[in-house]
Amino acid sequence: MADKIDQIFVTLKALLLGYVPEALQPLVSGLLSVLLVLSVFPGIFALVTVIERKGLGRIQNRLGPNRVGIPFTKIRLCGFGQFIPDGIKSLTKEDVVPRAADKVVHYLAPIVMLVPVLLAYAVLPFGRHMTIADFDAGLLFFFAVGGAVEVSVFMAGWSSRNKYSLLGAMRAIAQMISYEIPLILSAVTVVMIVGSLNLSEIVQQQNAYTHGLAHWFVFTPWGLVGFLLFFIASLAESNRCPFDLPEAESEIIAGYFTEYSGFKFALFFLGEYLGMFAIIGLGITLFLGGWTSPLAALTWIPSYVWFFGKLAAIVFVFIWIRGTLPRLRMDQLMNLAWKFMLPLALINIVVAAIWHFMAVDWPRWLVCSALIFGAYVVLGRGLMKHQKLGKRTYRFAE
Amino acid sequence: MSLSLIILAFVTLLAASAAMSLRNLVHCALALAVTFAGLAALYLNLDAQFVGFAQILVYVGAVAILIVFAILLTRSGDTPNEAVLAPGWISGIAISAGVFTVLGWAVLNSKALPSSGTLSLAPAATVKDIGKVLMEQYVLPLEVIGLLLTAAMIGAVVIALKEPSKSSSSRGDEAQIKKTEQVEPSHVGSYVGEKKGAA
């Protein structure tokens, strides 16, 4: 029974494909998968915008949206209908294009942003046997399509002919290129251990249990460090607080999409959130066991529930961080990436190699943990060396 | 020749000619990015997954951005008034045709290419195979390239460093800044103290 519920979407799709002539089957199968991604993830995006506003509201000691429910009824749903008027508003607003703007590039930028982000979902395993395009170089594909986002950010910033847009685009590209390196290097450790770039294979390797506990990579020393590096880098890649310098409302208005309004603005917003979900999904797949359950006793829960549950949990942490941490300064941002995360990611690769070649016993836990802890302390000291952090002096109005 | 190959070739060639002939340099760079993406799609069309994705990752994600940055940092975004074609365009075409001929001749006569009878069978190379070959058979060229790139990076850092020799005046500035920095805390303290005293 549990197995049937687990595979319900796979069997449903096979059932639907049964009604289609043989020649059209690959096409219809692809269309069905694309439709599913196009309906599920924007739906999650709509809910997350409300949850984010409500969560930030609670963190800042206010209520957040709590009025809009189902239209024409008295049902309020705690304000979870808020995304409907938001969507209608962005669809009906005037599409303002600055007179000096480069019209073609300005028009193309949101499309170039959204298409690669949607492509990235093709390789993520959402559940058991639930990968849209399960091929050999899946991880490489994910990072390759991610690279196209930078081009779109530049297109948006440059074509607007606005100094804030260009500044925001420059900041965004510098940040994305800097944090892409620790992101990829932290993912390399997983590839080294698994010996494959196929994401389904990576999940399958973590789908084993000892003493009822899953073999998730995050439960190893190198995996924990890799996951934390990946997490920080993915925060930066998705331009989330505390790395939201490219958008920095208080400094450069909204960065590269200052000059966008109406539906194009909504597309940028959608692209940013879908990119965030995709990169979280990759982090889950690489380090948190993908669709597998953490305990052997809980394997009866369907695989896709685990995947989306983990996604929701990490999105919650992202919102929590946004409500808690202040924005970094540009030099702090670069120092963190190049002087701390990059060396730590390189050392982590060496540690993963040691882990791979040492015998499966407690000494490898000791050696690997000691190496990582030592590197962490030394690098952290190095990062803090030139920061003259004395006692704070406060000045109060009297 | 399949339909996908024709479409991809058409898009790639169109983007390449746009990259040569557009007036705005940033437009040229963006057209070049499209050309790179088209080349990657051609590789993927030939079932060369690793090369295709590496092409996108390196060329669209990094090289195109680098070109765009170089354009923005070195000249203003104004559209130039001179003609699109450089004066030496005829000799340019002659040279590129010559290079193409030599390369085509070399590829067609290469011993690595199988004879035309077995050409239809594309060799299936997974990423794993490529990694194995790189790490075993071609490990020395790989290391040499790594060394070369490291040297290039160090060179770039050295060029970007501030020159210490002509900073006699700027050093003075720095000293002054340091002095003011040292002065400031005590000044603040006295300011706070005064306020407190006044209170």
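Counting of residues starts from 1 at the beginning of each chain's written sequence and follows it residue by residue. Note on labels: chains are lettered from A, ligands numbered from 1, in written order. Restriction of local features to residues with pLDDT of at least 70 applies here, the model being predicted, together with a cutoff of 80 or more for giving and counting side-chain atom pairs; totals for whole chains, interfaces and linings are based on all residues.

The next point concerns the overall build of chain B. Strands here are runs of E lasting at least two residues and helices are runs of H or I lasting at least four, both read from the DSSP assignment and numbered beginning at the N terminus. Scanning chain B from N- to C-terminus turns up 7 helices and 0 strands. Secondary structure elements of chain B, listed N to C terminal, follow the sequence α-α-α-α-α-α-α. For chain B, with 199 residues in total, the buried portion stands at 13%. In this description, a residue-residue contact is defined by the distance between C-beta atoms placed from the backbone, which must lie within 7 Å. For chain B, restricting intrachain contacts to residue pairs at least 6 apart in sequence, the fraction spanning at least 24 positions comes to 56%. Buried, partly exposed and exposed are defined by the number of other C-beta atoms within 10 Å of a residue's own C-beta, namely 20 or more, between the two limits, and 12 or fewer respectively, with C-beta atoms placed from the backbone.

A word on the overall build of chain A. Scanning chain A from terminus to terminus reveals 14 helices and 2 strands. Throughout, radius of gyration means the C-alpha value; the globule benchmark is 2.2 Å times the number of residues raised to the power 0.38. For chain A, the C-alpha radius of gyration of 23 Å lies close to 21 Å, the compact-globule estimate for 398 residues. Along the first, second and third principal axes, the C-alpha set of chain A runs to 70 × 65 × 45 Å. Across the 398 residues in chain A, those meeting the buried criterion constitute 39%.

Glancing now at the interface of chain A and chain B. The interface of chain A with chain B comprises 20 residues on the first partner and 19 residues on the second. In terms of residue count, the dominant contributor to the side of chain A that touches chain B is helix α6 (residues 138-159) of chain A (11 residues). For this classification, the nonpolar set comprises Ala, Val, Leu, Ile, Met, Phe, Trp, Tyr, Cys and Pro, the charged set comprises Asp, Glu, Lys and Arg, and every other residue, Gly included, is treated as polar. Across the side of chain A that touches chain B, the residue classes tally to 14 nonpolar, 2 polar and 4 charged.

With that settled, the discussion passes to the domain arrangement of chain A. All names here are of chain A. Split into domains, chain A comes out as domain 1 (12-92) and domain 2 (98-330). An automatic or database domain assignment supplies the start and end points of every domain. Computed over C-alpha atoms, the centres of domain 1 and domain 2 are 19 Å apart. Contacts between the two partners involve 15 residues from domain 1 and, on the opposite side, 15 residues from domain 2. Of all the elements in the fold, those that place two or more residues in the side of domain 1 that touches domain 2 are α3 (25-59) and α4 (83-92). Top element by residues in the side of domain 1 that touches domain 2 is α3. It accounts for 12 residues. Of the residues belonging to the side of domain 1 that touches domain 2, the class tally is 10 nonpolar, 4 polar and 1 charged.

Note: α-helices contain 3.6 residues per turn, so residues at a spacing of three or four share the same orientation. Working rule for helices: expected span equals 1.5 Å times residues minus one. An ideal rise of 1.5 Å per residue puts 38 Å on 26 residues; helix α11 (residues 262-287) of chain A measures up with 38 Å between its terminal C-alpha atoms. In terms of burial, α11 of chain A is a largely internal element, 19 of the 26 residues being buried.

With that out of the way, let us pick up the packing of helix α5 (residues 103-120) of chain A against α11 of chain A. Residue and element names in this part refer to chain A. Interhelical geometry of α5 versus α11 gives an angle of 25 degrees and a closest axis separation of 9 Å. When the interaxial angle is binned, α5 and α11 end up roughly parallel. As for how α5 packs across α11, the hand of that crossing is left-handed. Contacts between α5 and α11 involve Pro-110, Met-113, Leu-114, Val-117, Leu-118 and Ala-120 from the former and Lys-264, Leu-267, Phe-268, Leu-270, Gly-271, Leu-274, Gly-275 and Ala-278 from the latter. With axes taken as lines fitted to C-alpha atoms, and helix axes fitted only over the stretch in contact, angles between N-to-C directions fall between 0 and 180 degrees. Each angle gets one of four labels, with under 35 degrees taken as roughly parallel, over 145 as roughly antiparallel, 65 to 115 as roughly perpendicular, and the rest as oblique. In this scheme the crossing of two helices becomes right-handed for a clockwise turn of the near helix relative to the far one and left-handed for an anticlockwise turn of less than a right angle.

Below, the discussion takes up helix α8 (residues 199-206) of chain A. All names here are of chain A. For α8, the full list of buried residues reads Leu-199, Ser-200, Ile-202, Val-203 and Gln-206. Seen end-on, α8 carries its buried residues on one side only, within an arc spanning 160 degrees. Those residues of α8 that are buried are in contact with α6, α7 (163-194), β2 (213-214) and α11. The arc in question is formed by the directions pointing from the helix axis toward the C-beta atoms.

What follows concerns the packing of helix α9 (residues 221-237) of chain A against helix α13 (residues 330-357) of chain A. Two numbers describe a pair of packed helices, the interaxial angle and the distance between the axes. Residue and element names in this part refer to chain A. Running from N to C, α9 and α13 point in directions that differ by 150 degrees, and their axes come no closer than 9 Å. Classified by the angle their axes make, α9 and α13 are roughly antiparallel. Crossing of α9 against α13: the hand is left-handed. Listed contacts from α13 to Pro-221, Trp-222, Val-225, Gly-226, Leu-229, Ile-232 and Ala-233 of α9 are Met-341, Leu-344, Ala-345, Asn-348, Val-351, Ala-352 and Trp-355. Class assignment for the residues of the contact of α9 with α13 results in 12 nonpolar, 2 polar and no charged.

Right, let's get into the confidence of the model for chain B. All names here are of chain B. The predictor reports its confidence for every residue as pLDDT, a score running from 0 up to 100. When pLDDT is averaged along chain B, the result is 76, and 69% of the positions lie at 70 or above. Per-element averaging of pLDDT across chain B places helix α7 (residues 168-198) at the bottom with 46 and helix α6 (residues 139-160) at the top with 92. Taken over the whole predicted complex, pTM reads 0.82, whereas the ipTM for its chain interfaces reads 0.79.

Further remarks concern the nonpolar core. Among soluble globular proteins, nonpolar side chains are generally buried collectively. Put simply, a nonpolar core is buried Ala, Val, Leu, Ile, Met, Phe, Trp, Tyr and Cys residues tied into one set by C-beta atoms within 7 Å. Membership of the largest hydrophobic core comes to 116 residues, with the highest contact counts inside it found for Ala-169 of chain A together with Ala-64 of chain B. Among the elements that make up this core, the one with the highest residue count is α6 of chain A (15 residues). Setting aside chain neighbours within four positions, we find Ala-64 of chain B in contact with Val-151 of chain A together with Ala-29, Leu-32, Ala-33, Phe-36 and Tyr-59 of chain B.

Mapped onto the elements of the fold, Met-20 of chain B is located in helix α1 (residues 3-21). Along the backbone, Met-20 of chain B and Ala-151 of chain B are 131 residues apart, and their C-alpha atoms lie at a distance of 32 Å.

Our focus in this paragraph is unusual backbone geometry. All names here are of chain A. The phi dihedral of Arg-161 falls on the positive side, at around 55 degrees, and the residue is not glycine. Accessibility expressed as a C-beta count within 10 Å gives 16 for Arg-161, which makes it partly exposed. Positioned with a positive phi, Asn-239 is a non-glycine residue whose angle comes to about 55 degrees. By the element assignment, Asn-239 lies in the loop between α9 and α10 (249-252).

Next up on the list: the environment of Ser-29 of chain A. Residues and elements named next belong to chain A. Following the sequence through the fold, Ser-29 ends up in helix α3. Overall, the presence of 16 C-beta atoms within 10 Å leaves Ser-29 in the partly exposed class. Residues Ser-29 and Ala-14 lie 15 residues apart in sequence; the distance between their C-alpha atoms is 8.7 Å.

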